[in-house]
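Coordinates in review
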Amino acid sequence: MGKRYFCDYCDRSFQDNLHNRKKHINGVQHQRARKAWFDLFRDAATTLTEEQDKKVCRKFQQTGRCDFGNNCRFSHMSEEDIERLKLQAEAEERRAKEKGTSGKDYGIDAPIDLWLSKRKKQNKPVPINSSSERDETEVSDFHLPPGLPDLQNLPPSLRPPSSRTWNFPSNIEWG
C-alpha cells in the first residue's frame, strides 16, 4: 500500500498520486466542501449583501426544503433571518469601531506608505551606546523583547554591533 492523501475538507482519503489528487481537487464534492468550510468564516455584512442580492427560492418558501440545499442559487432566508443578520452585522461593525480598527486600515488597497508611516510611529528608534565611545549614541531599528534590561545595562559582548565596529578594508574581495 502506497502513500495516502487525506482531504480535510471532505474527510476522506485516497491513494496519493498526481492524477487522483487533481481529480479530487477539481471534483464537485471537494469544491462544495471547500466553499462550505470558508463560508463559516465570512463576516455577517458579506453574507447579508449576498443574501439580499438573491431572489427568494419558491420551492423552499412553499415546502420548507429545496433539492439543491446549500448549492441553491436562490435565498433560503426568511425576512426574520435577514433582520437577525442585519443586527449581527451592525453589532460586528460597532465592535470593530470600539476596538479602534475598522479592518480597512491595512487592507490590500491601502498604500504601503500609509502602513510604513504607522509602523514608524509605533516603533520609535532606540538609542544604542557604542561599546568604544559611550557618550555618542546611534539610532537603530533593533528592539529588545519586553522584560529584558536596557541596552546600557547589558555587558558589551551582548550589545548589538554598531556600524562603526564593522570596519572592512576597501580592497577586500567577497566570494
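Since we're looking at a predicted model, the values are computed, not measured.

**With respect to the overall build of the protein**
Across its full length, the protein carries 6 helices and 4 strands. The helix and strand sequence of the protein, counted from the amino end, reads β-β-α-α-α-α-α-α-β-β. A total of 175 residues make up the protein; the buried ones form 15% of that total. Across the protein, contacts joining residues at least 24 apart in sequence account for 29% of those joining residues at least 6 apart. Carbon together with sulfur atoms contributes 52% to the accessible area of the protein, which is approximately 15100 Å² in total.

**Looking at the packing of aromatic side chains**
Inspection of the entire model under this criterion finds 3 aromatic pairs. A centroid spacing of 6.0 Å and a plane angle of 45° characterise the contact between Tyr-9 and Phe-38, whose relative ring orientation is tilted. Taken as a pair, Tyr-9 in the loop between strand S1 (4-7) and strand S2 (12-15) and Phe-38 in helix H2 (residues 28-39) lie far apart in primary sequence, 29 residues in all. On the basis of relative accessible area, Phe-38 is assigned to the partly exposed category, the value being 42%.

**Observations regarding the nonpolar core**
Of all hydrophobic cores here, the largest spans 5 residues; its members are Ala-44, Leu-48, Ile-82, Leu-85 and Ala-89. Breaking this core down by element, the ones donating at least two residues are helix H3 (44-53) and helix H5 (79-99). The element best represented in this core is H5, accounting for 3 residues. Apart from the residues lying within four places of it in its own chain, the contact partners of Ala-89 are Ala-44 and Ala-45.

Calculation notes
Residues numbered from 1 in each chain as written. Predicted model: local features only at pLDDT ≥ 70, side-chain atom pairs only at ≥ 80, totals over all residues. Heavy atoms only, no water. Helix = DSSP H or I, 4+ residues; strand = E, 2+ residues; numbered from the N terminus. Buried < 20%, exposed > 50% of the residue type's maximum accessible area, 1.4 Å probe, protein only. Contact = heavy atoms within 4.5 Å. Areas by Shrake-Rupley, 256 points an atom, 1.4 Å probe, with all protein chains shown as cover. Phe/Tyr/Trp six-rings, centres within 6.5 Å; stacked < 30°, edge-to-face > 60°. Core = buried A, V, L, I, M, F, W, Y, C linked by side-chain atoms within 4.5 Å.

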